[in-house]
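Residues per chain are reported as follows:
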Amino acid sequence: MEFNELKMIWDSQNQEPLYALNEGALQRVVQRRNDERARALSRCYTTEITVGLICGFAMLGCAGLLAIADPASLASWSLIRSSEVTWEIPALLGAAAIWFYYGAYMYLARKRQQRRLETFDSSLRGDLDRALSETDFQLMMARNTVWRGLVPVWLAAALWVAALFHLEVAPVWAYLLLGVIALIAFVREVGGRNRSITDRFEPRRRELEALRAKLADAQR
């Protein structure tokens, strides 16, 4: 919420009592920002859920191919230099389960939040409460997704890479490079979420609470 934008509307009422502000204009600003954030969140969660499903089905497909292929046919595949399949199928099934879990976790979390948003009134105070609820949701997800989402997904990727390594699909240096890239991506993602908490979500929450407090004071 751009608090300065709201403050300009508020300050433009400087010849009138505090509660004689243009409440309709304020509500339109809040609603517009809520709608923009709802669209952005919808795109974000659609992407996350789609990635989870695609990766889950990819892992499931790899496990299925290894399960139905006999050693002779595996030996004929140009990509695979080792036809000995032992723990790779369970590992890939586990990776698929983790990816499906991740997609389901993101889907259910977003659906629960959407149901919460439906309970707020269509008023300035209700729209502010809705914006606060959405910001609290983003704060909660930024804090929890690291352990409930990123770590399991990183484990799923590690299982997939380990299976490929055992099947000798690529040279050793390629797996080392994949590991370094995955680790860097994980650290960057965790750092990005922490920055979002301190630089975006917490300041936005304070601004919304300050505006809600001003409205409450004006109504007294």
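Structure report, in brief. (Residues numbered from 1 in each chain as written. Predicted model: local features only at pLDDT ≥ 70, side-chain atom pairs only at ≥ 80, totals over all residues. Heavy atoms only, no water.)

### Details of the overall build of the protein
Next, step 1: What the protein contains, in helices and strands, is six helices and zero strands.
Next, step 2: Of the regular secondary structure in the protein, the N- to C-terminal order runs α-α-α-α-α-α.
Next, step 3: In the protein, which comprises 220 residues, the proportion classed as buried is 37%.
Next, step 4: Of the contacts made within the protein by residues no fewer than 6 positions apart, 79% connect residues no fewer than 24 positions apart. (Helix = DSSP H or I, 4+ residues; strand = E, 2+ residues; numbered from the N terminus. Buried < 20%, exposed > 50% of the residue type's maximum accessible area, 1.4 Å probe, protein only. Contact = heavy atoms within 4.5 Å.)

### Side note on the environment of Tyr-101
Next, step 1: Here Tyr-101 lies in helix 4 (residues 88-117).
Next, step 2: The partly exposed category is assigned to Tyr-101, whose relative accessible area is 36%.
Next, step 3: Dropping the residues within four chain positions of it, Tyr-101 is found in contact with Arg-148 and Pro-152.

### Considering the packing of aromatic side chains
Next, step 1: Enumeration according to the criterion identifies five aromatic pairs in this entry.
Next, step 2: Ring plane angle 25 degrees and centroid distance 6.1 Å describe the contact between Tyr-101 and Tyr-105, whose orientation is recorded as stacked. With Tyr-101 and Tyr-105 both in helix 4, this residue pair falls four residues apart, about one helical turn.
Next, step 3: What makes Tyr-105 buried here is its relative accessible area of 12%.
Next, step 4: Taking 6.2 Å as the distance between ring centres and 50 degrees as the angle between the ring planes, the aromatic pair formed by Trp-154 and Phe-186 counts as tilted. Of the two residues, Trp-154 is situated in helix 5 (residues 124-166) and Phe-186 in helix 6 (residues 172-219); the sequence distance between them amounts to 32 residues.
Next, step 5: Judged by relative accessible area, which is 38%, Trp-154 ranks as partly exposed.
Next, step 6: The ring centre of Tyr-45 lies 5.9 Å from the NZ or CZ of Arg-110, which sits over that ring. (Phe/Tyr/Trp six-rings, centres within 6.5 Å; stacked < 30°, edge-to-face > 60°. Lys NZ or Arg CZ within 6 Å of the ring centre and 35° of its normal.)

### Regarding the packing of helix 4 against helix 5
Next, step 1: Between helix 4 and helix 5, the shortest axis-to-axis distance is 8 Å and the interhelical angle comes to 170 degrees. One element, helix 4, and the other, helix 5, form an angle in the roughly antiparallel class.
Next, step 2: For the contact of helix 4 with helix 5, a count of residues per class yields 20 nonpolar, seven polar and six charged. (Axes fitted to C-alpha atoms, helices over the stretch in contact; angles between N-to-C directions. Parallel < 35°, antiparallel > 145°, perpendicular 65-115°, else oblique. Nonpolar A, V, L, I, M, F, W, Y, C, P; charged D, E, K, R; others polar.)

### Looking at the layout of surface pockets
Next, step 1: Put simply, the largest pocket is a space of about 520 Å³.
Next, step 2: Lining of the largest pocket is provided by 20 residues; of these, Val-153, Trp-154, Ala-157, Ala-182 and Ala-185 occupy positions nearest its centre.
Next, step 3: Among the secondary structure elements, those contributing two or more residues to the lining of the largest pocket are helix 2 (23-68), helix 4, helix 5 and helix 6.
Next, step 4: Considering every element that reaches the lining of the largest pocket, the biggest residue donor is helix 6, with eight residues.
Next, step 5: Looking at side-chain class alone, the lining of the largest pocket contains 16 nonpolar, two polar and two charged residues.
Next, step 6: In this structure, the second largest pocket spans a volume of roughly 380 Å³.
Next, step 7: Contributing to the lining of the second largest pocket are 17 residues, with Leu-41, Cys-44, Gln-138, Arg-200 and Phe-201 lying nearest its centre.
Next, step 8: Elements with a minimum of two residues in the lining of the second largest pocket: helix 2, helix 5 and helix 6.
Next, step 9: Here the residues of the lining of the second largest pocket sort into eight nonpolar, three polar and six charged. (1 Å grid on protein atoms, 1.4 Å probe; cavity = no way out; pocket = protein on both sides within 12 Å on 5 of 7 lines; lining within 4 Å. Points joined across faces, edges and corners; volume = space filled by probe spheres on them.)

### Structural notes on the pattern of salt bridges
Next, step 1: In this structure the tally under the stated criterion is 10 salt bridges.
Next, step 2: With a shortest N-O distance of 2.8 Å, Arg-212 and Asp-129 are connected by a salt bridge. Here Arg-212, found in helix 6, pairs with Asp-129, found in helix 5; they are 83 residues apart in sequence, far enough to count as distant.
Next, step 3: Taking relative accessible area as the criterion, Asp-129 reaches 18% and is therefore assigned buried.
Next, step 4: A salt bridge links Arg-143 to Glu-202, with the nearest nitrogen and oxygen atoms 3.1 Å apart. In this pair, Arg-143 is assigned in helix 5 and Glu-202 in helix 6, connecting sequence segments 59 residues apart.
Next, step 5: In this structure Arg-143 comes out as partly exposed when scored by relative accessible area, which is 45%.
Next, step 6: Linked through salt bridges whose partners overlap, the residues forming this network are Arg-32, Arg-33 and Glu-36. (Salt bridge = Lys/Arg side-chain N within 4 Å of Asp/Glu carboxyl O.)

### Observations concerning a nonpolar patch on the surface
Next, step 1: On the surface, a cluster of nonpolar side chains totalling about 360 Å² of accessible area is made up of Leu-53, Phe-57, Leu-60 and Leu-93.
Next, step 2: Per-element tally for the nonpolar patch: the top contributor is helix 2, with three residues.
Next, step 3: Among the secondary structure elements, Phe-57 is positioned in helix 2.
Next, step 4: Classification of Phe-57 by relative accessible area gives exposed; the value is 53%. (Patch = residues over 30% accessible without salt bridge, like charges linked within 9 Å, V, L, I, M, F, W, Y side chains within 5 Å. Areas by Shrake-Rupley, 256 points an atom, 1.4 Å probe, with all protein chains shown as cover.)

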